[in-house]
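# An overview of the molecular structure
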Amino acid sequence: MTIPIQGSEAADPAAVERHEVYLALPFILLSGLILLGALTFDRLEWPAFVGDEATYLMAGESLAWDLDLEFEEEDYQRFMDHWGRQPEGLILLSGDEGRHIAFGKPFFYPLAIAPFQRLSPIKGPFVANALILVLAGVLSALSLRARIGRVAWLWVAAALFASVSFAYVFWAHADLFLMALSAMALSLAFGTRQTAEGEGSMLRWVVVGGLMAIVVFSRPLYLPLLLPLAMAVPRTQRRRGLGGLLLGVVSVLLLATTLHWISGRSLTSYSAQRRGFYSTTGYPGIDFAPEEWVEKVEELGDAAWVEGQRLSQLPQTDASLWAWNSLYFLIGRHVGVLPYFLPLLLGALGRRREPAQWALLLAVVLCIAAFFLYRPFNFYGGGGAIANRYFLPLYPAFWFAGSRTARIGPALAVSAVAAVFLWPLWSQPRAFPLKEDSTYRYVSTAATWGLPYETTQSHLKPSGRSDVVHNQLWLKSLAPSLRPSRDGSVLLLQHDSRGQVLVGSPTPLARLQLETWGPGSEELEVTGGATVVDAEILGEVRVLDLELGRRRARHPMWWTWDPYYLYLLNLRVGAIGEGAVSFSLSPPGVEKPGRNGR
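Note that the structure is a prediction, hence the values are computed from the model and not measured. Counting from 1, residues in each chain are numbered in the order their sequence is written. The model is predicted, so local features are restricted to residues of pLDDT at least 70 and side-chain atom pairs to those at 80 or more, both for listing and for counting; the totals for chains, interfaces and linings are taken over all residues. Here the side-chain values reflect all heavy atoms present in the structure, with hydrogen atoms and water set aside.

## What about the overall build of the protein chain?
Going by this rule: Runs of H or I in DSSP of at least four residues are treated as helices and runs of E of at least two as strands, each being numbered from the N terminus. With the radius of gyration taken over C-alpha atoms, the globule rule is written as 2.2 Å times the number of residues to the power 0.38. Two residues qualify as a contact provided that any one of their heavy atoms is within 4.5 Å of a heavy atom in the partner residue. All accessible areas in this document rest on Shrake-Rupley with a 1.4 Å probe, and a residue is counted as covered only by the protein chains that are shown. Charged-residue counts in this description rest on Lys and Arg as positive and Asp and Glu as negative, His and the chain ends being excluded. Charged groups are reduced to one reference atom each: NZ for lysine, CZ for arginine, CG for aspartic acid, CD for glutamic acid.
Within the protein chain, the secondary structure is distributed over 18 helices and 15 strands. On C-alpha atoms alone, the protein chain measures out to a radius of gyration of 27 Å, which is about the 25 Å that the 2.2 N^0.38 rule sets for 598 residues. If you take every contact in the protein chain between residues at least 6 apart in sequence, the share linking residues at least 24 apart comes to 73%. Total accessible area on the protein chain stands at roughly 25,100 Å², and carbon and sulfur atoms take up 58% of it. In the protein chain, 50 side chains carry a positive charge and 51 a negative one; their mean positions are 11 Å apart.

Shown next as structure tokens:
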């Protein structure tokens, strides 16, 4: 018997209802699993805080117990009692030279998790994240159901669980929260049209404006998202709808600026004097007096977001940087939206769009362009991000970009392809983001060897180590098996392993010299990126003359706007027993320092 998905007058209503339950079943089961995972998650097993977690967690506790956002000694002691470790990376700010010190992050996410922290300081934030994710999914599916049919439940399940979105449940950060608010605002704006009389439309659009205002206030580069919301207001309700939207936006902004001013004498959480504090720097009121705030910030450096790059002043840019960032944004090994947010295709490829939906896609492009302009060397969210966390609040836009009736097949096909890249997260969603060798746990083998490394992104450390200057070359290891010595004069590749190294130079390179010595040196091979044109033995040193292949990229770097020429070398060492093979790289004719061991 054929059961119509969309339903009709001839269809059996009970059969249609059962069919919708079947379509919603994956979402229900996966939502139950994510809630169970949050309830049983032992966050204390993670060896460290990631990103800005300490700031969000302590701000939430301050709201839960003290009903304020000021940083005081009591906040520090309570945090130590709960977590048993110091708040590494605690971001604080003050607009009046330390007399009022507040948390340097927007308060909306801490406010959302604060009630759950009061019930359970350790598990509460992650249970809150799971509930926020599920709520956003339910509202989105109900809204999309009127546009694309009952398959909306399956599409939303694919959007959340065939992307990295669900993994953010286990990270105490605001990005999942902002994605959920964005999805809720779009659900209300692009959902079932209101009646012609506009009954209830004013309140509806106040809520839409308020939800999106939280997203914009938390990260101003999302400002273009307000445009499609305004265009989504029906013509028959234009006056009431736009008035409600404006009222919601203004109300939230006034509330946010007022609370931030009371707490830290700053209108936002990204201005005033702002700095991250660690156990090595000490904490105000704990390791040094609050009166020493100015001296301490001047000593460590002011990290206010607006410093030196206000939105009214366009920063320097470069065409090649835009080109490479566009490529990496789409298919980058660590941050690409296609491998890690592949269900966006379900909406992006939809047709029969209304003007507001075209404006929604345009707003996404403008937001991405803003990150490319203001954050060209970190458009994905920096350390701790699972793929591109800055893309999360933009992701729901693609759910609402199409209007045609949906089918099951595309959702299943997208999920199957996404599995190639998401298997590490599906198999270990609650594991610490870094493996024991400091590589990124969420990056699959297919991504490592099949997708390009993001040469423009300064925060990426795929080997777990920082880049080094080596014989007038800039080097970054892309595999944990390859590491520099402490002073950078010697490179080491573990036996029976492969390694990748990115080589940068301010001038074009045609050749390199590779010198290797010691046990196993004859086992070192160049397997890609260059051709060995000559080899000779000079005493105990084996010298390989390499002819470089096509350069990997050419663009400015985070320390200079002059273009750098980048080349990628693939190396391999066979089984040589214990230890590693020592070698060095240099342009021809460069005098090299002594080989200082490991």
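## Examining the packing of aromatic side chains
To keep it simple, the criterion reads: Within 6.5 Å between ring centres, the rings of Phe, Tyr and Trp (the latter by its six-membered ring) count as paired, and their orientation is classed by plane angle as stacked under 30 degrees, edge-to-face over 60, tilted in between. Think of it in three bands: residues with accessible area under 20% of the maximum for their type are buried, residues over 50% are exposed, and the middle band is partly exposed, with areas taken using a 1.4 Å probe on protein chains only.
A full pass over the atoms with the stated rule returns 40 aromatic pairs. With 5.7 Å between their ring centres and 55° between their planes, F27 and W153 make a pair best called tilted. Of this pair, F27 sits in helix α1 (residues 13–39) while W153 is found in helix α6 (residues 152–161), placing the two residues 126 residues apart along the sequence. For W153, a relative accessible area of 12% translates into the label buried. Relative to F177, the ring of Y109 has its centre 5.7 Å away and its plane inclined at 50°; by these criteria the two rings are tilted. Of this pair, Y109 sits in helix α4 (residues 108–119) while F177 sits in helix α7 (residues 175–190); the two residues are 68 residues apart in sequence, bridging distant segments of the chain.

## Looking at the packing of helix α5 (residues 124–148) against α7
Angle between the axes and distance between the axes: these two values describe a pair of packed helices. Quick reminder of the rule: The axes are straight lines fitted to the C-alpha atoms, using for helices just the contacting stretch, and the angles between their N-to-C directions are given from 0 to 180°. For this classification, under 35 degrees means roughly parallel, over 145 means roughly antiparallel, 65 to 115 means roughly perpendicular, and everything else is oblique. In this scheme the handedness of a crossing depends on how the near helix is turned from the far one: anticlockwise by less than a right angle means left-handed, clockwise means right-handed. Residues are sorted three ways: Asp, Glu, Lys and Arg are charged, Ala, Val, Leu, Ile, Met, Phe, Trp, Tyr, Cys and Pro are nonpolar, and all the rest, Gly among them, are polar.
Axis separation between α5 and α7 bottoms out at 9 Å; the angle between their running directions is 25°. By the criterion of interaxial angle, the relationship of α5 to α7 is roughly parallel. Where α5 crosses over α7, the two elements pack in a sense that is left-handed. Along its contact with α5, which presents N129, I132, L133, L135, A136, L139, S140, S143 and R147, the element α7 presents L176, F177, M179, A180, A183, M184, S187 and F190. Of the residues assigned to the contact of α5 with α7, the class counts are twelve nonpolar, four polar and one charged.

## Here's the deal with the sheet that holds strand β1 (residues 90–94)
Note the threshold: Pairing between two strands is assigned when DSSP locates at least 2 bridges connecting them.
A sheet is described by the order of its strands in space; here three strands give the open sequence β2-β1-β3, paired in antiparallel fashion. A single partner strand is all that each edge strand has here, and the edge strands are β2 (102–103) and β3 (273–277). In this structure, β1 lies alongside β2, joined through two bridges in antiparallel fashion. From the neighbouring strand, L92 faces β2, where its bridge partner is F103.

## Focus: a nonpolar patch on the surface
Applied cut-off: Like-charged residues within 9 Å of one another, or nonpolar side chains (Val, Leu, Ile, Met, Phe, Trp, Tyr) within 5 Å, are grouped into patches, provided each residue has over 30% relative accessible area and no salt bridge. Any carboxyl oxygen of Asp or Glu that lies within 4 Å of a side-chain nitrogen of Lys or Arg is treated as forming a salt bridge with it.
A contiguous nonpolar patch, built from L227, M231, L362, V365 and L366 and spanning about 430 Å² of accessible area, is present on the exposed surface. Of all the secondary-structure elements, those providing two or more residues to the nonpolar patch are α9 (226–231) and α15 (355–374). For the nonpolar patch, the leading source of residues is α15, giving three residues. By the secondary structure assignment, V365 is in helix α15.

## What to know about the sheet that holds strand β15 (residues 580–586)
Read across the open sheet, the six strands follow the order β6-β7-β15-β9-β12-β11; overall the sheet is antiparallel. Each end of this open sheet is capped by a strand with a single partner; those strands are β6 (482–484) and β11 (530–538). Each strand of the sheet is rotated relative to its neighbour by a mean of 30°, with strand direction disregarded.

## Remarks on the confidence of the model for the protein chain
For clarity, the cut-off: What pLDDT conveys is the predictor's confidence in a given residue, as a value from 0 to 100.
In the predicted model, the protein chain carries a mean pLDDT of 90, and 93% of its residues have values of at least 70. Scored below 50 in pLDDT, residues 1–10 shows 15 contacts in the model against residues more than four places distant or in partner chains. Of the regions scoring below 50 in pLDDT, residues 194–199 engages in nine contacts with residues more than four places distant in sequence or in other chains.

## Quick notes on the pattern of salt bridges
Counted under the stated rule, the structure contains eleven salt bridges. Of the charged contacts in the structure, one is a salt bridge between E53 and R43, with a shortest N-O distance of 2.1 Å. Here E53, found in helix α2 (residues 53–66), pairs with R43, found in the loop between α1 and α2; they are ten residues apart in sequence, far enough to count as distant. For E53, a relative accessible area of 0% gives the class buried. By relative accessible area, R43 is classed as buried at 1%. The salt bridge involving D75 is made with R78; its shortest N-O contact spans 2.7 Å. Taken together, the residues span about one helical turn, with D75 and R78 both in helix α3 (residues 73–83) at a distance of three residues. We classify D75 as buried; its relative accessible area is 1%. Overall, R78 belongs to the buried group, its relative accessible area being 13%. Several salt bridges share partner residues, and in doing so they unite E20, R145 and R150 into one network.

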